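An overview of the molecular structure
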2 protein chains.
Amino acid sequence: MPAGKTNSIVLGIDPGIADTGYGLISQRQNQLTLLAYGSIKTKKGLELAKRLESLERELTKLIKVYRPTLLAVEQLFFCKNVKTALMVGQARGVILLVGEKNHLLIKEFTPLQVKQGITGYGQADKRQIQLMVKAILGLKEVPRPDDAADALAIAICGLNHQNFTSQLGS
Amino acid sequence: MPAGKTNSIVLGIDPGIADTGYGLISQRQNQLTLLAYGSIKTKKGLELAKRLESLERELTKLIKVYRPTLLAVEQLFFCKNVKTALMVGQARGVILLVGEKNHLLIKEFTPLQVKQGITGYGQADKRQIQLMVKAILGLKEVPRPDDAADALAIAICGLNHQNFTSQLGS
């Protein structure tokens, strides 16, 4: 991975109404450091608007604490079905809004771009990506839950992209 | 329409990224008054997050000016395709969040509920609904654009629902 010139912090997000995976990574020179990862969960019985507000609140907290400059979000074109797409879309809308209101640079990556960015291989499966995330961040275990591991993969993808574009600029 | 006991103001919304229709209606006793309607448009060339922020800003302005207590939003289960569902979902997520953050009561209505609420007939077409909106609000013309007329239909549906539930409660 090419060296970033300054200390960059990226927040990777795998959007969902019930579970939004997040991963925060900082980069100084060649050194990647895992800051935090996990899943923002909202209560199933709660009204949709209240779940979205809870997602907004938790995400804003993470941004205030870790001060990322880049938000990397999975860009979906395909979903199991229209109902799932509407649900994920609603979470995604809130996530993008929070990023914009907190003045983060926002980059969207397709699942294919994430796979290629992490493993160099567009057909990589979930397990291969998780193992690469573990290796790249020097972790002892694959991060859990799955959506947090996905979010870390997206965050790494965001850092790679930032390094690449800053190299082009220099 | 049964009499509401107090002055209620409802904001009806037909969600979209490019165009979000809105309609604001107040009710005092049996009297419905059209306060405002139109379409919040966001620039096509703009990044998605900036379009969502622009939607959030304009919607918040409307709420500050007209002080509705109820937000009535179309609930979609079907869309042309998954891509459309993701796009509409993103706008819808922001709209619900704005409603929640401004402490509005939020009610969601399916297109079938709107049709039945306005025309008493679940198979009513767009034109029939628009003519009923015109008649109910005593307008000279059918409101334009279409998404504003849809938003007014949803707002009327929201008032009907509120009257019905307040009657049940009394």
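The sections below set out a description of the structure shown in this document. (Residues numbered from 1 in each chain as written. Chains lettered and ligands numbered in written order. Predicted model: local features only at pLDDT ≥ 70, side-chain atom pairs only at ≥ 80, totals over all residues. Heavy atoms only, no water.)

**What about the pattern of salt bridges?**
Taken as a whole and judged by the stated rule, the model has 16 salt bridges over all chains. Residue K41 of chain A pairs with D19 of chain A through a salt bridge whose shortest N-O separation is 2.4 Å. In this pair, K41 of chain A is assigned in strand 3 (residues 31-41) and D19 of chain A in strand 2 (residues 19-29), connecting sequence segments 22 residues apart. Among the residues examined, K41 of chain A registers a relative accessible area of 55% and is labelled exposed. E108 of chain B is the partner of R92 of chain B in a salt bridge, and the nearest nitrogen-oxygen pair spans 2.7 Å. Placement of R92 of chain B in helix 2 (residues 82-101) and of E108 of chain B in strand 5 (residues 105-109) is noted, with a sequence separation of 16 residues between them. (Salt bridge = Lys/Arg side-chain N within 4 Å of Asp/Glu carboxyl O. Helix = DSSP H or I, 4+ residues; strand = E, 2+ residues; numbered from the N terminus. Buried < 20%, exposed > 50% of the residue type's maximum accessible area, 1.4 Å probe, protein only.)

**Observations concerning the interface of chain A and chain B**
Listed as interface residues are 26 residues of chain A and, on the opposing side, 26 residues of chain B. Of the roughly 2,400 Å² buried between chain A and chain B, counting both surfaces, carbon and sulfur atoms make up 68%. For chain A, the biggest contributors to the area lost against chain B are L86, L97 and E100 of chain A; these three give 25% of the whole. Measuring nitrogen to oxygen at the nearest pair gives 3.0 Å for the salt bridge that ties E100 of chain A to K50 of chain B. Where chain A meets chain B, there are 8 residue pairs in polar contact (both at pLDDT 80 or more). (Contact = heavy atoms within 4.5 Å. Buried area = accessible area lost by both parts, 1.4 Å probe. Polar contact = N/O pair within 3.5 Å; in protein donor to acceptor, adjacent residues only side chain to side chain.)

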